[in-house]
Amino acid sequence: MRQIKTGCCVVGGGPAGMMLGFLLARAGIEVVVLEKHADFFRDFRGDTIHPSTLELLHELGLLEEFLRLPHQEMPKLKLSIDGHIFDGPDFSHLPVTCKFIALMPQWDFLNFLAEHAGKFPNFHLRMKHEVTDLIIEQDRVLGVRVKTEEGEMEVRADFVFGTDGRHSIVRKCAELEVRDFGVPIDVLWFRLTKPEGSPEYLLGRIRNGQLLVTIDRDEYFQVAQIIPKGGFEKIQASGLEKFRENIVAIVPEFRDVVYELDDWNKVKLLTVQVNRLKQWYRAGLLCIGDAAHAMSPAGGVGINLAVQDAVATANLLAGKILRGECTTEDLALVQRRREFPTRMLQNIQVFVHRQMFADHSDKAVSLSWPARTLLELFSPLIRRIGARVVGMGFRPEHIEPSSTDRSRPEAR
Ligand SMILES: Cc1cc2nc3c(=O)[nH]c(=O)nc-3n(C[C@H](O)[C@H](O)[C@H](O)COP(=O)(O)OP(=O)(O)OC[C@H]3O[C@@H](n4cnc5c(N)ncnc54)[C@H](O)[C@@H]3O)c2cc1C
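This structure is a prediction, so every number in the text was calculated from the model and none was measured. (Residues numbered from 1 in each chain as written. Predicted model: local features only at pLDDT ≥ 70, side-chain atom pairs only at ≥ 80, totals over all residues.)

Student: Outline unusual backbone geometry, listing residues and values.
Tutor: You will see that Asp139, though not glycine, has its phi angle at about 70 degrees, which is positive. Mapped onto the fold, Asp139 is located in the loop between strand E9 (130–137) and strand E10 (140–148). Despite not being glycine, Arg395 shows a phi value in the positive range, around 55 degrees. Here Arg395 lies in the loop between helix H11 (379–392) and helix H12 (401–404). (Helix = DSSP H or I, 4+ residues; strand = E, 2+ residues; numbered from the N terminus.)

Below, the structure written as structure tokens:
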């Protein structure tokens, strides 16, 4: 069997894995990132780049170039409830360079990171490499087994990082214990042409107990419809015509474009989970991002949390890995640092699910009149707190200046 040896093996090229691979390579470590897909062009990974991630790009000196990619800037968010527009988080007060959320297809973000990481000669991204198992000897993870088009291979590494998302094979093979928090919703994911005159910054629309999130991708909306968990079969059984009528009942402006949904193949079911590993590491292995703590789409915070995990990991471990001094206790430091912000955001997500989605009827969303009144009364305060939580999260990380100059990309 083919075998390669490297310093760090990162399993999964999502936001956590690509940012970690980039930062470890930048610190001068030999890194192999293994991604099972052939490219980053998948359509269901979330599209939000929050102020905290933009700040990291600023600290890395990449912000200007990043903002040249096509994107929409959302300095504030709005929510429509039964036709009344409520102001949501307002990012204009945040103490950061970019006081907005950038809406950008995630494949552009990942390609951007891949392009910049690829400038380091010690960074190796291997697409179509699917990890199937861990190599464990004497209770230490020593590498991974990989399925490739050319057959099986082994990647042996000083450290393996599990960044393979919410269906992580790494955490399963490592037998790390998962705590599941239960989620009452799933998401249907489809796109519709943007009707003329669609209101600006309107991200969520609730009507008749149903919620559609509309992500503006310039020409079209990427739409996420929140449905009760396990409810897709029932929706399909009622037929496409009924499904389209229902969408128009929530967003009347979609009347002239909803016919685009002429096949169930255009509607993808995304199952939502919220869970967290009890312990994120074992000897030779650390999980971060969704592999350590699967996030729901509520608040759209998962990508940024995954990126923050990667930055903390590089800050805490890169120097020690380079010097050959990184121990299992050091891996534990990452969990110790990142568990608090993760727990806070997951608690909020679970609370939101319970408040809005747990009515167990056909209605995905229920918002009582006292809740609405509160929303109106406290909205200025809620908008500020909401902006802080959504835009920055808890305990935002920073690129450590000391690691910045450890290695420079080679000019190509
Ligand atoms: C429906 C839905 C919508 C969401 N919308 C948003 C949003 O708008 N904003 C937001 O911030 N968050 C959103 N989230 C949450 C967000 O998607 C995740 O929190 C975030 O993607 C986690 O990043 P990650 O890098 O840890 O994992 P992932 O993004 O899941 O990346 C994991 C990577 O590992 C690869 N991989 C998996 N298994 C293997 C293997 N065996 N071998 C090699 N590679 C492998 C995958 O192909 C993938 O590229 C949403 C979640 C859901 C369910």
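Student: Explain the site of the ligand to me, and be specific about the residues and the numbers.
Tutor: Close to the ligand lie 37 residues; Gly14, Gly46, Gly165, Gly289 and Gly302 are nearest. Elements with a minimum of two residues in the shell around the ligand: helix H1 (15–26), E9 and helix H8 (302–322). The greatest single-element share of the shell around the ligand, amounting to 4 residues, is contributed by H8. For the shell around the ligand, the residue count by class is 16 nonpolar, 13 polar and 8 charged. (Near = placed C-beta within 6 Å. Nonpolar A, V, L, I, M, F, W, Y, C, P; charged D, E, K, R; others polar.)

Student: Can you lay out the sheet that holds strand E7 (residues 101–103) for me, pointing to particular residues and giving the numbers?
Tutor: Here 3 strands make up an open sheet; going across it, the order is E3-E7-E4 and the pairing antiparallel. Two strands lie at the open edges of the sheet, namely strand E3 (48–49) and strand E4 (72–74), each paired on one side alone. Here 2 bridges tie E3 to E7, and the two strands are oriented antiparallel to one another. Paired with Thr48 across the strands is Leu103, a residue of E7. (Pairing = 2+ DSSP bridges.)

Student: Tell me about the pairing of strand E2 (residues 31–34), and please be specific about residues and values.
Tutor: Burial along E2 is two-sided: the face carrying Val31 and Val33 and the face carrying Val32 and Leu34 are both buried. Pairing geometry for strand E1 (residues 2–11) and E2, over 4 bridges, is parallel. Across the sheet, Val10 pairs through a bridge with Val33, a residue of E2. For E2 and strand E8 (residues 123–126), the ladder comprises 4 bridges, and the chain directions are parallel. Bridged to Val33 within E8 is Leu125. (Buried ≥ 20, exposed ≤ 12 C-beta atoms within 10 Å, placed from the backbone.)

Student: Provide a residue-level description of the domain arrangement of the chain, including the pertinent values.
Tutor: Parsing the chain into structural domains produces domain 1 (2–74 + 102–181 + 273–358 + 370–404) and domain 2 (185–228 + 230–271). With centres defined by C-alpha atoms, the gap from domain 1 to domain 2 works out at 29 Å. With 11 residues of domain 1 in contact, the opposing surface of domain 2 contributes 14 residues. Of all the elements in the fold, those that place two or more residues in the side of domain 1 that touches domain 2 are E4 and helix H9 (328–357). Here the residues of the side of domain 1 that touches domain 2 sort into 7 nonpolar, 3 polar and 1 charged. (Domains from an automatic or database assignment. Contact = placed C-beta atoms within 7 Å.)

Student: Residues and numbers for the pairing of E10, please.
Tutor: Sheet topology note: the E9/E10 ladder contains 7 bridges and is antiparallel. By the bridge assignment for E10, Glu137 is matched with Arg140. In this antiparallel pair of consecutive strands, E9 and E10, the connection spans 2 residues, and Gln138 shows a positive phi of 45 degrees. Where E10 meets strand E11 (residues 151–162), 6 bridges bridge the pair, whose relative direction is antiparallel. Residue Arg145 lies in a different strand from E11, and its bridge partner there is Glu154. Adjacent in sequence and paired antiparallel, E10 and E11 are bridged by 2 residues.

Student: For the packing of H1 against helix H4 (residues 106–117), give the residues involved together with the corresponding values.
Tutor: A pair of packed helices can be characterised by two numbers: the angle between their axes and the separation between those axes. Axis separation between H1 and H4 bottoms out at 9 Å; the angle between their running directions is 15 degrees. In terms of their interaxial angle, H1 and H4 are classed as roughly parallel. The way H1 lies across H4 gives a crossing that is left-handed. Here Met18, Met19, Gly21, Phe22 and Ala25 of H1 lie close against H4, whose contacting residues are Leu110, Leu113, Ala114, His116 and Ala117. For the contact of H1 with H4, a count of residues per class yields 8 nonpolar, 2 polar and no charged. (Axes fitted to C-alpha atoms, helices over the stretch in contact; angles between N-to-C directions. Parallel < 35°, antiparallel > 145°, perpendicular 65-115°, else oblique. Left-handed = near helix turned anticlockwise from the far one by under 90°.)

Student: Residue-level account of H8, with values.
Tutor: The end-to-end C-alpha distance of H8 is 29 Å, a good match for the 30 Å that 21 residues give at a rise of 1.5 Å each. Helix geometry: H8 is bent most strongly at Leu316, by close to 35 degrees. Most of H8 is tucked away, with 18 of its 21 residues classed as buried. Where H8 terminates, the next one or two residues include Gly324, which has phi positive at roughly 70 degrees. (Expected span 1.5 Å × (residues − 1). Bend = angle between axes of the 7 residues up to and from the residue.)

Student: Help me get a handle on H11, residues and values and all.
Tutor: The end-to-end C-alpha distance of H11, which contains 14 residues, comes to 19 Å, matching closely the 20 Å that a straight helix rising 1.5 Å per residue would cover. Those residues of H11 that are buried are in contact with helix H2 (51–59), strand E6 (84–90) and E7. Following H11 by one or two positions, Gly393 has its phi on the positive side, about 70 degrees.

Student: Describe in detail the environment of Val146, supporting the description with residues and values.
Tutor: Secondary-structure assignment places Val146 in strand E10. Given 25 C-beta atoms within a 10 Å radius, Val146 is considered buried. Not counting residues up to four positions away in its chain, the partners in contact with Val146 are Leu34, His129, Glu130, Val131, Thr132, Glu152, Met153 and Val155.

Student: Before we move on, could you go through the packing of H2 against H8 and cite the residues and values that matter?
Tutor: Remark: H2 packs on H8, axes separated minimally by 9 Å, with the N-to-C direction vectors making an angle of 40 degrees. Taken together, the axis directions place H2 and H8 in an arrangement best described as oblique. Handedness of the H2/H8 crossing: left-handed. In contact with Ser52, Thr53 and Leu56 of H2, H8 contributes Asn304, Val307, Gln308 and Val311.

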